[in-house]
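As a plain string of letters, each chain reads:
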Amino acid sequence: MSMYLNLSKKDYDKPVYRIITKERLIELFQKGKNTLVHPSKWDDPYENFILKSQVRMKSGEVKAFDFHDNIYGQCWSRHKASDAMWRIYSPNKDGIRIKSTIRKLLSSLYFGNVNKPSMSCVIGKVEYLTETKLNNYANSIYVNGALSKDNLFRSLLVKRRAFKHENEVRLLYFDLDYTNAGKLFSFGIKPHELIDQIMIDPRKTYSDFLMIKDEIKVKTGFSGAIKRSLLYKAPEELVLDDN
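Residues numbered from 1 in each chain as written. Predicted model: local features only at pLDDT ≥ 70, side-chain atom pairs only at ≥ 80, totals over all residues. Heavy atoms only, no water.

**Considerations on the overall build of the protein**
- Secondary structure assignment for the protein yields 8 helices and 14 strands.
- Expressed as a percentage of its 243 residues, the buried residues of the protein come to 44%.
- Long-range pairs, those at least 24 residues apart, make up 84% of the contacts in the protein between residues at least 6 apart in sequence.
- For the protein, the accessible surface area stands at approximately 13500 Å², while carbon and sulfur atoms represent 50% of it. (Helix = DSSP H or I, 4+ residues; strand = E, 2+ residues; numbered from the N terminus. Buried < 20%, exposed > 50% of the residue type's maximum accessible area, 1.4 Å probe, protein only. Contact = heavy atoms within 4.5 Å. Areas by Shrake-Rupley, 256 points an atom, 1.4 Å probe, with all protein chains shown as cover.)

**Quick notes on the layout of surface pockets**
- In this model, the largest pocket occupies a volume close to 810 Å³.
- Counting residues per element, the ones that place at least two in the lining of the largest pocket are β2 (15-21), α1 (22-31), β3 (33-37), β6 (71-77), α3 (83-89), β7 (95-101) and β11 (168-175).
- In terms of residue count, β6 provides more of the lining of the largest pocket than any other element does, 5 residues in total.
- Taken together, the residues that form the lining of the largest pocket break down as 17 nonpolar, 8 polar and 12 charged. (1 Å grid on protein atoms, 1.4 Å probe; cavity = no way out; pocket = protein on both sides within 12 Å on 5 of 7 lines; lining within 4 Å. Points joined across faces, edges and corners; volume = space filled by probe spheres on them. Nonpolar A, V, L, I, M, F, W, Y, C, P; charged D, E, K, R; others polar.)

**Some words on the nonpolar core**
- Counting 35 residues, the largest nonpolar core has Leu25, Leu109, Ile123, Tyr173, Ile195, Ile198 and Ile216 as its most contacted members.
- In terms of residues, this core owes the most to one element, helix α4 (residues 102-111), which gives 4 residues.
- Apart from residues lying up to four places away in sequence, isoleucine 123 is in contact with Met3, Tyr4, Leu5, Leu7, Ile102, Leu105, Leu106, Val169, Arg170 and Leu171.
- With 16 residues, the next largest nonpolar core counts Ile141, Leu147, Leu156 and Phe174 among its residues. (Core = buried A, V, L, I, M, F, W, Y, C linked by side-chain atoms within 4.5 Å.)

**Notes on the pairing of β6**
- Taken across its 7 residues, β6 has 6 buried, putting it largely inside the fold.
- One ladder, built from 7 bridges, connects β6 with β11; its direction is antiparallel. Counterpart to serine 77 in the pairing with β11 is glutamate 168. (Pairing = 2+ DSSP bridges.)

**Brief notes about the environment of serine 77**
- Among the secondary structure elements, serine 77 is positioned in strand β6.
- Judged by relative accessible area, which is 3%, serine 77 ranks as buried.
- Each C-alpha atom of the pair serine 77 and glutamate 166 lies 6.2 Å from the other, and the pair is 89 residues apart in sequence.
- Those residues within four positions of serine 77 in sequence are excluded, and the remaining contacts are Val16, Tyr17, Met85, Glu166, Asn167 and Glu168.
- A polar side-chain atom of serine 77 sits 3.0 Å from the main-chain amide nitrogen of histidine 79.
- Within the structure, the side chain of serine 77 is placed 2.8 Å from the backbone oxygen of glutamate 166, a separation counted as a polar contact. (Polar contact = N/O pair within 3.5 Å; in protein donor to acceptor, adjacent residues only side chain to side chain.)

**Considerations on the packing of aromatic side chains**
- Within the structure shown, the criterion is met by 9 aromatic pairs.
- On the basis of an interplanar angle of 70° and a centroid distance of 5.7 Å, the ring pair of phenylalanine 29 and phenylalanine 222 is categorised as edge-to-face. Here phenylalanine 222 lies in the loop between α8 (206-220) and β14 (225-228) and phenylalanine 29 lies in helix α1, a separation of 193 residues in the sequence. Exposure class is identical for phenylalanine 29 and phenylalanine 222. Each is buried.
- Ring geometry for tyrosine 110 versus phenylalanine 111: centroids 5.0 Å apart, planes at 85°, classification edge-to-face. (Phe/Tyr/Trp six-rings, centres within 6.5 Å; stacked < 30°, edge-to-face > 60°.)

**Structural notes on a nonpolar patch on the surface**
- A cluster of nonpolar side chains, contributed by Tyr110, Phe111 and Val114, occupies part of the molecular surface with about 290 Å² of accessible area.
- Mapped onto the elements of the fold, tyrosine 110 is located in helix α4. (Patch = residues over 30% accessible without salt bridge, like charges linked within 9 Å, V, L, I, M, F, W, Y side chains within 5 Å. Salt bridge = Lys/Arg side-chain N within 4 Å of Asp/Glu carboxyl O.)

**A word on the pattern of salt bridges**
- Using the criterion set out here, one finds 14 salt bridges in the structure.
- Salt-bridge contacts for lysine 219 lead to glutamate 215; the nearest nitrogen and oxygen are separated by 2.9 Å. With lysine 219 and glutamate 215 both in helix α8 and 4 residues apart, the pair spans about one turn of that helix.
- In this structure lysine 219 comes out as partly exposed when scored by relative accessible area, which is 39%.
- For glutamate 215, a relative accessible area of 22% translates into the label partly exposed.

**Remarks on the packing of α1 against α8**
- Look at α1 against α8: their axes get within 9 Å of each other, and the N-to-C directions meet at 25°. Taken as axis vectors, α1 and α8 run roughly parallel relative to one another. Relative to α8, α1 is oriented so that their crossing is right-handed. Contacts between α1 and α8 involve Lys22, Leu25, Ile26, Phe29 and Gln30 from the first element and Ile212, Glu215, Ile216, Lys219 and Thr220 from the second.
- In terms of residue class, the contact of α1 with α8 is made up of 5 nonpolar, 2 polar and 3 charged. (Axes fitted to C-alpha atoms, helices over the stretch in contact; angles between N-to-C directions. Parallel < 35°, antiparallel > 145°, perpendicular 65-115°, else oblique. Left-handed = near helix turned anticlockwise from the far one by under 90°.)

Rendered as structure tokens:
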């Protein structure tokens, strides 16, 4: 089974982005840990619905599986600049966008848990389907009453077309020996190697940006680029010709 799903080799080193709070960013560096969450904590009610569904066996028996209790994930976006993403994930106008790559994310998860014999992990691009196609897909992933690891992960890489604007990539972890009542999974990382760039919410004033930048440098020791998004920068004045 490939650890890269719905991705080509040319995608492995392409950038991906995630918007988090300043507090979460500082914690990431100070504790040296990344945290994945159980899909039940994601907003879309369709998330994880395939794994939670019961399966009608050929014998007629209806059976429930508990795979969904042991899987955790984290969502990133391939969008570099998106008004929608800032507004959704930074509603208080105080978000921080971090940048990494697909390969770095997967490597951090794999090498942070490589000594766990029952774990599997992948990274994959989400495919956006109509609800009809989504339901048809759900009915196809169990084969002879069994679910392969490949299909287990792929079941979390489909989403309704209404969310296509997110252009998501998901980091996914599965371990039969691990469950957490808080529905969180944390693992050690090297944040200075994982994070390539930090960008501050474009709705911050320039003076606020400078203060936040200084605070981040002091509390994280990050030596890479810390920028302010120019998404909402006013255009330069134009002189228009009278036609």
